[in-house]
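Below, each chain spelled out in residue letters.
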Amino acid sequence: MQNAARELQEEQFHQKQKEPAKRPDHQPGKKKNKNLQYIKKNYLLYLFIAPAIILTVIFKYIPMYGAVIAFKDFSPMRGILGSEWVGLKHFTGFLTSPNFLNIFMNTLKLSSFELLLGFPIPIILALMLNQIRRAKAKKNIQLILYAPHFISVVVISGMVFLFLSPTGPINSIVSLVTGNTYSLMSDPDAFRSIYIISGIWQGAGWASIIYVAALANVDPQLHDAAKIDGASLLRRIWHIDLPVLKPVMAVLFILAAGGIMAIGFEKAYLLQTSMNIPASEIIPTYVYKLGLQAGDYSFATAVGLFNAVINVFLLVFVNSVVKKLNEGEGLM
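Note that this is a predicted model, so its numbers are computed, not measured. (Residues numbered from 1 in each chain as written. Predicted model: local features only at pLDDT ≥ 70, side-chain atom pairs only at ≥ 80, totals over all residues. Heavy atoms only, no water.)

Some words on helix α11 (residues 188-215)
For α11, with 28 residues, the first-to-last C-alpha span of 40 Å sits near the 40 Å given by 1.5 Å per residue. Ala204 marks where α11 bends most, by close to 45 degrees. The backbone nitrogen of Asp189 has a side-chain oxygen 3.1 Å away, supplied by the residue at the start of α11, namely Asp187. (Helix = DSSP H or I, 4+ residues; strand = E, 2+ residues; numbered from the N terminus. Expected span 1.5 Å × (residues − 1). Bend = angle between axes of the 7 residues up to and from the residue. Polar contact = N/O pair within 3.5 Å; in protein donor to acceptor, adjacent residues only side chain to side chain.)

Details of the packing of helix α7 (residues 120-130) against α11
Put simply, α7 and α11 touch, their axes get as near as 7 Å, and they point 55 degrees apart. Judged by the angle between their axes, α7 and α11 are oblique. Like other packed secondary-structure pairs, α7 and α11 cross with a definite hand, here right-handed. Together, Ile121, Pro122, Ile123, Leu125, Ala126, Leu127, Leu129 and Asn130 of α7 and Ile200, Ala204, Gly205, Ala207, Ser208, Tyr211, Val212 and Leu215 of α11 make up the contact between the two elements. (Axes fitted to C-alpha atoms, helices over the stretch in contact; angles between N-to-C directions. Parallel < 35°, antiparallel > 145°, perpendicular 65-115°, else oblique. Left-handed = near helix turned anticlockwise from the far one by under 90°. Contact = heavy atoms within 4.5 Å.)

Focus: the environment of Leu164
On the secondary structure map, Leu164 appears in helix α9 (residues 153-164). Given the relative accessible area of 12%, Leu164 is considered buried. It is 9.4 Å that separates the C-alpha atoms of Leu164 and Ile194, two residues lying 30 residues apart in sequence. In this structure Leu164 touches Ile170, Asn171, Tyr182, Leu184, Met185 and Ile194, once residues within four positions along its chain are discounted. (Buried < 20%, exposed > 50% of the residue type's maximum accessible area, 1.4 Å probe, protein only.)

Okay, structure coming up:
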């Protein structure tokens, strides 16, 4: 019986070897045909997304070719292709210039302090809004908090100059208390605080929308059960609300920290005066003055490219740190 079974197994083994090898199901041709069939079946979806893709390619990817002039001595008469290659000349010139350290540190300090001081505010606002049970009151408060986001940066800057002028309302109050007035917009030491506080006021309410939406997924029964167990408000926020916000906070922090050097140009330039330039001159305003006002396009492009490369490294670094601290969850 054993010999017969062995012979049967050997015959089956030889038959399997003689059989032609089956073709793999996932052949390149079949996969390509399946993709084409899927596109034909859902062509309306691709038509909807086509304008966004076209605009992204035109305004984001095609202009990347212009970054080549950072390595050339660009002349508008010769064009990009006809201009002379100079290698890393402009990068070296920027890194060795006497203004480099001051401009770099101004950019880093302004964006870092804005991130550290401004990042927790939307989270706190969202947690406070989540505790409001009256729907009408909650909507009215949200409207007040979101409104500054829709005010133009130019208008915000004008309001800052108006409020902080020597004859403005803030100085009027200060003069009543101390008897003195201060020209805050001309003070380099005050510029950073003015920039950060006005930015938090303008954007904190709008930034809290994401956190409010995340808190809407919290089951109210969890809070009810915690109340029955005698948990205080702070303990309920710490053990119920914050764990829900943690993934959202991680992603938003990575994005904010990755763009730490990509600080906004408009408000810094609009709040800049001849007296506060030592603190208000940052890389974007420096690039604008060199590129558009002075016409040194190659040098300005090199400075902007240097800034972009730093942003990429910061994004990768912060993402890796957050993934280690957040149990492997990150942006990438």
